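# Remarks on the overall topology
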There are 4 protein chains.
Amino acid sequence: MTHTLGIALMGTGRMAHVYGPKIGAHPGLRLEMIYNPRMTSAERATAQYGGRPMDDLCAVLADPEVDAVVIATPTDTHVDYIERAAAAGKAIYCEKPLDRTLARVDRAMAALDAHPVPFMLGFNRRFDPDNAMLRAAVQAGEIGALNMLMSWSREPAPPPIDYVRTSGGYFVDATIHDIDLVCWIAGERPVEVFAAGNCKFDPEIGAEGDFDLTMTTLKMPSGALVHINNSRSCCYGFDQRLEVLGDRGMLQTRNHRDDNLVRWNGDATEARKPLKHFFLERYDRSFYNALDEFYMAVTQGRAPSSTSADGRAALAIALACARSARESIAVRPSYQA
Amino acid sequence: MTHTLGIALMGTGRMAHVYGPKIGAHPGLRLEMIYNPRMTSAERATAQYGGRPMDDLCAVLADPEVDAVVIATPTDTHVDYIERAAAAGKAIYCEKPLDRTLARVDRAMAALDAHPVPFMLGFNRRFDPDNAMLRAAVQAGEIGALNMLMSWSREPAPPPIDYVRTSGGYFVDATIHDIDLVCWIAGERPVEVFAAGNCKFDPEIGAEGDFDLTMTTLKMPSGALVHINNSRSCCYGFDQRLEVLGDRGMLQTRNHRDDNLVRWNGDATEARKPLKHFFLERYDRSFYNALDEFYMAVTQGRAPSSTSADGRAALAIALACARSARESIAVRPSYQA
Amino acid sequence: MTHTLGIALMGTGRMAHVYGPKIGAHPGLRLEMIYNPRMTSAERATAQYGGRPMDDLCAVLADPEVDAVVIATPTDTHVDYIERAAAAGKAIYCEKPLDRTLARVDRAMAALDAHPVPFMLGFNRRFDPDNAMLRAAVQAGEIGALNMLMSWSREPAPPPIDYVRTSGGYFVDATIHDIDLVCWIAGERPVEVFAAGNCKFDPEIGAEGDFDLTMTTLKMPSGALVHINNSRSCCYGFDQRLEVLGDRGMLQTRNHRDDNLVRWNGDATEARKPLKHFFLERYDRSFYNALDEFYMAVTQGRAPSSTSADGRAALAIALACARSARESIAVRPSYQA
Amino acid sequence: MTHTLGIALMGTGRMAHVYGPKIGAHPGLRLEMIYNPRMTSAERATAQYGGRPMDDLCAVLADPEVDAVVIATPTDTHVDYIERAAAAGKAIYCEKPLDRTLARVDRAMAALDAHPVPFMLGFNRRFDPDNAMLRAAVQAGEIGALNMLMSWSREPAPPPIDYVRTSGGYFVDATIHDIDLVCWIAGERPVEVFAAGNCKFDPEIGAEGDFDLTMTTLKMPSGALVHINNSRSCCYGFDQRLEVLGDRGMLQTRNHRDDNLVRWNGDATEARKPLKHFFLERYDRSFYNALDEFYMAVTQGRAPSSTSADGRAALAIALACARSARESIAVRPSYQA
């Protein structure tokens, strides 16, 4: 394939380790360089995934071999890198969320307006084959007009408190995935939200003013209602489900299992090792598919399907949920920039 | 069995047709009479189910052969019959809800305080074997402390508008079942509720100021969160599910099917005729079991397990949900009489 | 209903206890009497199920209130009672098998030829709703021409050795059910059988020359192949399944469960108390339905759908299987009288 | 990794296209060359998968960069290449079956005796994760002593008649997989087999004296019984299942599906696109895992777990099945060389 894209992978943290091998495995992407302001970190990563280690941002963005950047740095640096990369004319793939504040997201969007490079936000769960198939069935009219959408996301165990502190809160960090999925499937965004949250699992999370157990209701303009439930703890694994009720049918996605073995004994009929451990395992393929969508869009000259506007809307909704949960009031999301 | 209870079945409407044959089938119950102020209605019913037709309430309550009344009359007459039967010293089984207003419910409770006859409210879904088994597992500590409770109740098709008009509204008529179930399983009642409702299926329902599609959130004192969803329309049948997440496990009840046949073909693997048609079919056994609980409690001299206080609390919560949905605010239920 | 049939229940053993309450529950049947040559046994049974106790066979068969006999006596007496009842002009429902030898079965068939009274053989599994629905789908052409039929019947635990001794052997006692089902579904009978058997669970069964673990292959005239597996021991309960593969689809019946509760925990996702305990529980409804078919056929003046010829064929096949398993050769069943 | 094995891939047909990309994907294997006596075929394959094209067998086997050969040539050439490669001291991975005749298989085994190079037979289904997990549970004693083993293998559609003509017949070509699996799980080989076969789907297959629909019974020395069913046609896809009944439990493997989407509508609850299309898709991972076992065994200096003796035994059993089906007699496999 001649149209390979030269990629500069920005960052060497957890998400960079997700994208590094997938860039290498994709036949249309060339991992040109990995950037970290600390050269030793960059070198460790290139030793693992290839490419040149870089600690000079200007050099990265000036290199003609770099067609695109994949931003996998800490969340509060995303906007800065977007501004710099857009100004340099590079195509941009940015891990979600865009930022934790609407003000900074609006800065990123202004930069993308000024420098309209191809931009894709990494809402990888859209690219999970089951989720994509569910949405395709909805869009094909298979179940008629939508009445209820429900999304489950329960994590095996709470993250380290340091992660929680910089995450922007549970709604902005995690619920935002469910929010984006249901809006993407429904083709509309809520006019009002109501959320309830508690801290049941890790008192340190509560001490930060954050939640580890939430339920969220979204009211859609069409009259459809949305339920989302999230938990930072789930003893049987990483529970990821969708259920969509329409006038003519219901669609559900089931959890994935590591095996297809059924055990019958005198006590029970059971499937063991219930669910794929966590998001790296469960969504391994969807991260790859998301990079592939970026590649296809850029090489075909079309806009990627997951946009900065989607990211802004999801953040506005997540922030409205957080306020609703704190104040126990219904809240209308601020969609206007 | 010598300790049979002589029963006066009050009413000849839909619910009387549910209880009539079950009283006949129960070895401990004797259907002594069926009461309706219109004798022709009473006669039609006794021709079908046995017993003497009665149109004189005083005669019913004075008859020494009548040990207990089963009240299956229109909702707004329940309280009157409770007052009369309690004063006459009869044991009382009353179809839910107690009434549509807290004021009248409090009148019934005062009557039961003054004349402490055995009283049971017919929250039949508690007596469904699957629901009962789920609660027993929770109470045995099988899944540890509860974090989330979810209840689905979706009906095949909207009821006639005349039924809707006298139903007290969707929350009082239908959601009250889910409310009672989750409180009964959790062993606690919500401190605050938030509900969202729309009218999507029958504009006449909306014209009455009622809803036919709702989602409800309950905040429990323990920090557990509850989700309930209800729909007056469901193309695949009568969908009745529970899901309870605890620290150490999750419990789910599955829908019942009429058969156990699986069909594989080139297009799909499928189970046909999905769900038992409606509540008469799905809860046929639970109505019988509820009568059995009444019989066992009365003959053993203990209080039945579904009380007037449960009925008052469920109504208070349902009314709070209705207000929440109308005003889009969180509401605290009024538990105090 | 005016066309009730007066029934004489013959026998007071295990199967009489199956039929006794079902005759009582059927609105078209009247339990007139229960017969046992020992009057005390007859009296004990009538005390439980009603009717008059009888120890005089002539009196039973001479009574004009007796329209039909339900033969639930030991297998080796079936033919004698059939001859007597047929000569007396009574309709006959006879528990399977007809007998353990073809010679005696031919005697019964001769009696039924001479006195063509309504006769039904109690292959109750045909009247199981799942099995009946599977066959109806096959007959409607839903899966096209049949290629494979498979039947599982695994029992929770071996029967007492005294039962085994008079059972006619595992193939004649148990496999005969699977044989009848697959022939009834396929609409044809095998031209050749091959069976393999071992004694794995109870050495006393082996000492009788009998098997407690078998696999059977039937070759059908159409070219369809049949597999049957039977076990006298099954730790997870009474396993009863069918699978039928046709040109255009496959049909499977699933085992029944006592509840619909699913448990998720850190180790497994499981359904407990797997299968209905044994045939009395699993086929409770099919015994009733079989009596109903008898009632309907007799009152409508048509032949019952499970005939003496079906019983003879099933026995001929079962005996061929037993010989095949003993001698390790393929055997052609002896269908000719 | 320093201990990479240089591989010569023998052959450029269907199976070579299975192994080519998997050799490339395995970090421990280096595809050195692809051999075909016709250089143009070899060149086409190396253009796709890498390595040098070779048409000179002597040069292949003399090359010091070649540590091992992967034999993916037509079945009737396997033995010749094994003899040559063994004499040249190369490790050998050979696609199953070893050959279609026991005489030639014995020649290969003699060659491996004379030149004891590492040898592995490609019974890839052993390396399917579900099958491997089932066997591990059996070996751990989870279900106690085995009583029944059942294997399903139904293919979507008959192969081209030219393939059938050189396949050695359905038992040797296909049933051999099930035979190997059940013997590998049971840890024993049958003392006697009985098989039944018909031609139902493609008359040309019948004209070759071959079958396209079979059922097989194996009698194991322990008394366990085995059932295998095979079909060259299956409208709902590639059906691959195992079921193993032991004293203390039952294990089943379920078919794989392409998605986890469940659809509920007014007619049915269904899962679409039932089964992974055919063996290339269904066993994609097991082929890779088989190569990995070969790599691990060779580099660790131990014997691969799927041996030439396993291949000989499976062929002996398959040939016994074929004779049994043709002659309708029970047959004892010829295990002695």
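Residues numbered from 1 in each chain as written. Chains lettered and ligands numbered in written order. Predicted model: local features only at pLDDT ≥ 70, side-chain atom pairs only at ≥ 80, totals over all residues.

## Digging into the overall build of chain A
If you tally the helices and strands in chain A, you get twelve helices and 14 strands. Along the three orthogonal principal directions, the C-alpha set of chain A runs to about 60 × 50 × 45 Å. Buried residues in chain A amount to 55% of all 337 residues. The long-range share in chain A, meaning contacts at least 24 apart out of those at least 6 apart in sequence, stands at 70%. (Helix = DSSP H or I, 4+ residues; strand = E, 2+ residues; numbered from the N terminus. Buried ≥ 20, exposed ≤ 12 C-beta atoms within 10 Å, placed from the backbone. Contact = placed C-beta atoms within 7 Å.)

## Brief notes about helix 8 (residues 170-186) of chain D
Residue and element names in this part refer to chain D. Over its 17 residues, helix 8 runs 23 Å from end to end, which matches the ideal 24 Å to within 8%, given 1.5 Å per residue. Its axis deflected by about 50° at Ile 176, helix 8 carries its strongest bend there. The element helix 8 is largely enclosed, with a buried count of 17 among its 17 residues. The positive-phi residue at the C-terminal boundary of helix 8 is Gly 187, with phi of around 75°. (Expected span 1.5 Å × (residues − 1). Bend = angle between axes of the 7 residues up to and from the residue.)

## Quick word on the packing of helix 8 (residues 170-186) of chain C against helix 12 (residues 308-327) of chain C
To characterise two packed helices, one gives the angle between the axes of the helices and the distance between these axes. Residue and element names in this part refer to chain C. Remark: helix 8 packs on helix 12, axes separated minimally by 9 Å, with the N-to-C direction vectors making an angle of 120°. The pairing of helix 8 with helix 12 is recorded here as oblique in orientation. Crossing geometry of helix 8 relative to helix 12 is assigned as right-handed. For the pair formed by helix 8 and helix 12, the contact residues are Phe 171, Val 172, Thr 175, Ile 176, Ile 179, Asp 180 and Cys 183 on the first element and Asp 310, Ala 313, Ala 314, Leu 315, Ile 317, Ala 318, Leu 319, Cys 321 and Ala 322 on the second. (Axes fitted to C-alpha atoms, helices over the stretch in contact; angles between N-to-C directions. Parallel < 35°, antiparallel > 145°, perpendicular 65-115°, else oblique. Left-handed = near helix turned anticlockwise from the far one by under 90°.)

## Structural notes on the relation of the copies chain B and chain A
Superposing chain B onto chain A requires a rotation of 180° together with a translation of 0.0 Å along the rotation axis, leaving an RMSD of 0.0 Å. The superposition operator between the copies reduces to a two-fold rotation axis. Proximity to the rotation axis, assessed at the C-alpha, singles out Ile 329 of chain B in chain B; its C-alpha lies 3.0 Å from the axis. (Least-squares fit on C-alpha atoms with pLDDT ≥ 70 in both.)

## Let's talk about the interface of chain B and chain A
Counting from both sides, the interface comprises 26 residues of chain B and, opposite them, 26 residues of chain A. Every element with two or more residues in the side of chain B that touches chain A is listed here: strand 7 (146-154), strand 8 (192-198), strand 9 (213-219), strand 10 (225-231) and strand 12 (249-253) of chain B. The residue makeup of the side of chain B that touches chain A, split by class, is twelve nonpolar, nine polar and five charged. (Nonpolar A, V, L, I, M, F, W, Y, C, P; charged D, E, K, R; others polar.)

## Examining the domain arrangement of chain A
Accessible area lost upon the coming together of the parts is a frequently used measure of interface size. All names here are of chain A. Split by domain assignment, chain A resolves into domain 1 (5-117) and domain 2 (128-285 + 313-327). Taking only C-alpha atoms, the centre of domain 1 and the centre of domain 2 are 28 Å apart. Counting residues at the interface gives nine residues for domain 1 and eight residues for domain 2. Counted by class, the side of domain 1 that touches domain 2 contains six nonpolar, one polar and two charged residues. (Domains from an automatic or database assignment.)

## Overview of the relation of the copies chain C and chain D
Superposition record for chain C on chain D: RMSD 0.0 Å, screw rotation 180°, translation along axis 0.0 Å. The overlap is high: 100% of the interface residues of chain C also sit at the interface in chain D, so the same surface is used on both sides.

## So, the environment of Ala 114 of chain B
Positionally, Ala 114 of chain B belongs in helix 5 (residues 102-114). On a C-alpha basis, the gap between Ala 114 of chain B and Ile 185 of chain B in space is 30 Å, while along the polypeptide they are 71 residues apart.

## Remarks on the pairing of strand 6 (residues 119-122) of chain A
All names here are of chain A. Here strand 6 shows a buried face lined by Phe 119 and Leu 121 and a second buried face lined by Met 120 and Gly 122. Bridge count for strand 5 (residues 91-95) against strand 6 is four bridges, and the pairing is parallel. Each bridged residue has a counterpart across the sheet, and for Ile 92 the counterpart in strand 6 is Phe 119. What joins strand 5 to strand 6 is helix 5 (residues 102-114), and the crossover it makes is right-handed. (Pairing = 2+ DSSP bridges. Right-handed = clockwise from strand over helix to strand, strands pointing away.)

## A closer look at the interface of chain C and chain D
On the side of chain D, 26 residues touch chain C, which itself brings 26 residues to the contact. Elements that contribute at least two residues to the side of chain C that touches chain D include exactly strand 7 (146-154), strand 8 (192-198), strand 9 (213-219) and strand 10 (225-231) of chain C.

## Re the sheet that holds strand 1 (residues 5-10) of chain B
All names here are of chain B. Strands sit in the order 3-2-1-4-5-6 across an open sheet of six strands; the sheet is parallel. Each of the sheet's edge strands pairs with one partner strand only, and the pair in question is strand 3 (52-54) and strand 6 (119-122). Averaged over all pairs of adjacent strands, the angle between their axes in this sheet comes to 25°, without regard to strand direction. Relative to the sheet, helix 1 (residues 14-25) contacts strand 1, strand 2 (29-35), strand 4 (68-71) and strand 5 (91-95), its axis offset from that of strand 1 by approximately 165°.

## Brief notes about helix 4 (residues 78-87) of chain C
Residues and elements named next belong to chain C. When helix 4 is considered as a whole, its buried residues turn out to be His 78, Val 79, Tyr 81, Ile 82, Ala 85 and Ala 86. Buried residues of helix 4, seen end-on, are gathered within an arc of 160° and therefore sit on one face of the element. Two residues or fewer past helix 4, Gly 89 is found with a positive phi of approximately 80°. (Arc of directions from axis to C-beta.)

## Some details on the packing of helix 1 (residues 14-25) of chain D against helix 11 (residues 284-300) of chain D
Residue and element names in this part refer to chain D. The interhelical angle for the contact between helix 1 and helix 11, taken along N-to-C directions, is 60°, at an axis separation of 10 Å. Comparing the axis directions of helix 1 and helix 11 gives the class oblique. The element helix 1 and its partner helix 11 pack so that their crossing is right-handed. Of helix 11, the residues touching helix 1 (which contributes Val 18, Tyr 19, Lys 22, Ile 23 and Ala 25) are Phe 287, Tyr 288 and Leu 291. Partitioning the contact of helix 1 with helix 11 into residue classes produces seven nonpolar, no polar and one charged.

## Comments concerning unusual backbone geometry
Residue and element names in this part refer to chain A. In this chain, Lys 96 is followed by Pro 97 through a cis amide linkage whose omega measures -10°. Note on placement: Pro 97 falls in the loop between strand 5 and helix 5. Its identity as a non-glycine residue notwithstanding, Ser 328 has a phi of 55°, on the positive side. In this structure Ser 328 comes out as partly exposed when scored by C-beta crowding, with 16 C-beta atoms within 10 Å.

## Comments concerning the confidence of the model for chain A
Caution applies to low-pLDDT regions: their predicted coordinates should not be interpreted in detail. When pLDDT is averaged along chain A, the result is 94, and 99% of the positions lie at 70 or above. Our summary of model confidence lists the complex with pTM equal to 0.93 and ipTM equal to 0.93. (pLDDT = per-residue confidence, 0-100.)

## Notes on the sheet that holds strand 3 (residues 52-54) of chain C
Two pairing modes exist for strands in a sheet, parallel and antiparallel, and in both the strands are linked by backbone hydrogen bonds. Residues and elements named next belong to chain C. If you trace the six strands from one edge of the open sheet to the other, you get 3-2-1-4-5-6, paired in parallel fashion. One side of each edge strand has no neighbouring strand; the edge strands of this open sheet are strand 3 and strand 6 (119-122). Direction aside, the axes of adjacent strands within the sheet are offset by 25° on average. Direction of pairing for strand 4 (residues 68-71) relative to strand 5 (residues 91-95): parallel, over a ladder of four bridges. Residue pairing in the sheet places Ala 68 in a bridge with Ala 91 of strand 5. On the sheet, helix 1 (residues 14-25) packs against strand 1 (5-10), strand 2 (29-35), strand 4 and strand 5 and is oriented at approximately 165° with respect to strand 1. On top of the sheet, helix 11 (residues 284-300) reaches strand 1, strand 2, strand 4, strand 5 and strand 6; it is set at about 170° to strand 6, its chief contact.

## Quick word on the pairing of strand 7 (residues 146-154) of chain D
For a regular strand, the rule is simple: side chains alternate between the two faces of the sheet. Residues and elements named next belong to chain D. With respect to burial, strand 7 is a largely interior element, nine of its nine residues being buried. With eight bridges joining them, strand 7 and strand 11 (residues 239-246) adopt antiparallel strand pairing. By the bridge assignment, Leu 146 is partnered in strand 11 with Gly 246. When strand 7 meets strand 10 (residues 225-231), the two strands line up parallel, connected through seven bridges. Its bridge partner being in strand 10, Leu 149 is matched across the sheet by Val 226.

## A look at the environment of Gly 246 of chain B
Residues and elements named next belong to chain B. Take Gly 246: it is sitting in strand 11 (residues 239-246). Taking the C-alpha atoms as reference points, Gly 246 and Met 33, 213 residues apart in sequence, are found 47 Å from one another. Those residues in contact with Gly 246 that sit more than four places away from it in its chain are Ile 143, Gly 144, Ala 145, Leu 146 and Asn 147.

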